[in-house]
Amino acid sequence: MAQSSEVMVRAARPAAAVPACLLAWLLPGAGHLYLRRPVKGLVLMGSILALFVLGLALDARLQPYLGFDDPLAILRSLAQMAIGVPYFIARALGFEAGMVTSVTHEYGNTFTEVGGLLNILVILDAFDTALGRKK
Amino acid sequence: MGSHLLNLMIFSALVSTVFAMLLRDDTRARLRFGLLAFGGFMAAALVVGWAMYPLPL
């Protein structure tokens, strides 16, 4: 027990928690790369970016919705923004409108929104890892 | 990408991978959890899909 506590304290890097979370938001998986968990970081990065890029290929809409008449749409937009820099790059490249008439439009929305929500979990995991609560 | 089943499989595989990486610590446990989660996603979607087949009544 004493040995495992010692290992956890040694692994903890509290000062790295904030930069790790920030990097994890900017680019999915980058927080874990910063915390020297390369395998975990690369797998998370690959999976979440794949969800996002496939969502774009499925005609997702990235245009932010901030009207109060449809609160759920606000949450969906915030979920997409949780992807970080790739979201803003995709919008700058002209993917923001999507194609509402496409058969796969709602699939695309789901892929991009779930990618963002998963990235929030990844940010929290990076925080716990930096504090030594997780491997 | 027009196949609903293919989209379901890709989505399930990617989400299961992320959950497995976050919720388990060693490779063997991750593989096991990922396969179980993937199977669960697929089974649940197919069962619910069949259950909704007669709708709207």
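Above this text you will find the structure in question.
Residues numbered from 1 in each chain as written. Chains lettered and ligands numbered in written order. Predicted model: local features only at pLDDT ≥ 70, side-chain atom pairs only at ≥ 80, totals over all residues. Heavy atoms only, no water.

A.B. asks: Break down the overall build of chain A for me, with residues and values.
C.D. replies: When its secondary structure is counted, chain A shows seven helices and zero strands. For chain A, the N- to C-terminal ordering of α and β elements is α-α-α-α-α-α-α. With respect to the three principal axes, the spread of C-alpha positions in chain A is 60 × 30 × 25 Å. Among the 135 residues that make up chain A, the fraction classed as buried is 41%. Of the roughly 7100 Å² that chain A leaves accessible, carbon and sulfur atoms contribute 72%. Each charge class in chain A was averaged separately, 11 positive and 9 negative side chains, and the resulting centres sit 15 Å apart. (Helix = DSSP H or I, 4+ residues; strand = E, 2+ residues; numbered from the N terminus. Buried < 20%, exposed > 50% of the residue type's maximum accessible area, 1.4 Å probe, protein only. Areas by Shrake-Rupley, 256 points an atom, 1.4 Å probe, with all protein chains shown as cover. Lys, Arg positive; Asp, Glu negative; His and termini not counted. Charge placed at Lys NZ, Arg CZ, Asp CG, Glu CD.)

A.B. asks: Break down the packing of aromatic side chains for me, with residues and values.
C.D. replies: Aromatic rings considered in pairs are described by the distance between their centres and by the relative angle of their planes. All told, the structure shown has three aromatic pairs over all chains when counted by the stated rule. Each ring, one from F111 of chain A and one from F11 of chain B, has its centre 5.3 Å from the other, and the planes form 55°; the classification is tilted. Of this pair, F111 of chain A sits in helix α7 (residues 105–130) while F11 of chain B sits in helix α1 (residues 4–23), each in a different chain. Look at F111 of chain A and you get buried, because its relative accessible area is 2%. F11 of chain B gets classed as buried once you look at its relative accessible area, which sits at 16%. (Phe/Tyr/Trp six-rings, centres within 6.5 Å; stacked < 30°, edge-to-face > 60°.)

A.B. asks: Go over helix α4 (residues 38–57) of chain A with me, naming the residues and quoting the values.
C.D. replies: Residues spaced three or four apart along an α-helix point in a common direction, a consequence of the helix completing one turn every 3.6 residues. Its 20 residues give α4 of chain A an end-to-end C-alpha distance of 28 Å, which sits within 8% of 28 Å, the value for a rise of 1.5 Å per residue. Residues of α4 of chain A that are buried include every one of K40, G41, L44, M45, S47, I48, L51, F52, G55 and L56 of chain A, and no others. Buried-residue contacts for α4 of chain A involve α3 (30–34), α6 (85–92) and α7 of chain A together with α1 and α2 (27–51) of chain B. Phi turns positive one or two residues past the end of α4 of chain A, at D59 of chain A, with a value near 70°. (Expected span 1.5 Å × (residues − 1). Contact = heavy atoms within 4.5 Å.)

A.B. asks: Break down the side chain of N109 of chain A for me, citing the residues and quoting the values.
C.D. replies: Residue and element names in this part refer to chain A. Note on placement: N109 falls in helix α7. On the basis of relative accessible area, N109 is assigned to the buried category, the value being 6%. In this structure the side chain of N109 is engaged in a polar contact, spanning 2.9 Å, whose partner is the backbone nitrogen of R61. Among residues more than four places away in sequence, those in contact with N109 are A60, R61, R76 and Q80. (Polar contact = N/O pair within 3.5 Å; in protein donor to acceptor, adjacent residues only side chain to side chain.)

A.B. asks: Got a sec to walk through the environment of A79 of chain A? Specific residues and values, please.
C.D. replies: Residues and elements named next belong to chain A. Positionally, A79 belongs in helix α5 (residues 71–81). Sequence spacing of A79 and L117 is 38 residues, and the spatial spacing of their C-alpha atoms is 5.5 Å. If we ignore the near neighbours within four places in the chain, the residues touching A79 are E113, G116 and L117.

A.B. asks: I'd like a description of the pattern of salt bridges, backed by residues and values.
C.D. replies: Residues and elements named next belong to chain A. Under the defined criterion, the tally for this structure stands at six salt bridges over all chains. Taking the shortest distance from any N to any O, the salt bridge between K134 and D125 comes out at 2.5 Å. Across the pair D128 and R133 runs a salt bridge whose closest N-O atoms are separated by 2.9 Å. Among the residues examined, D128 registers a relative accessible area of 22% and is labelled partly exposed. Within the structure, one salt-bridge network assembled from shared partners comprises K40, D125 and K134. (Salt bridge = Lys/Arg side-chain N within 4 Å of Asp/Glu carboxyl O.)

A.B. asks: Got a sec to walk through the interface of chain A and chain B? Specific residues and values, please.
C.D. replies: Taken together, the 21 residues of chain A in the interface contact 15 residues of chain B. Carbon and sulfur atoms supply 81% of the area that chain A and chain B bury against each other, a total of about 1700 Å² over both sides. The tally of links from chain A across to chain B stands at two residue pairs in polar contact (both at pLDDT 80 or more). Among the secondary structure elements, those contributing two or more residues to the side of chain A that touches chain B are α4 and α7 of chain A. Counting residues per element, the side of chain A that touches chain B draws most heavily on α4 of chain A, at nine residues. Taken together, the residues of the side of chain A that touches chain B sort by class into 14 nonpolar, three polar and four charged. (Buried area = accessible area lost by both parts, 1.4 Å probe. Nonpolar A, V, L, I, M, F, W, Y, C, P; charged D, E, K, R; others polar.)

On their own, these measurements won't tell you what the molecule is for.
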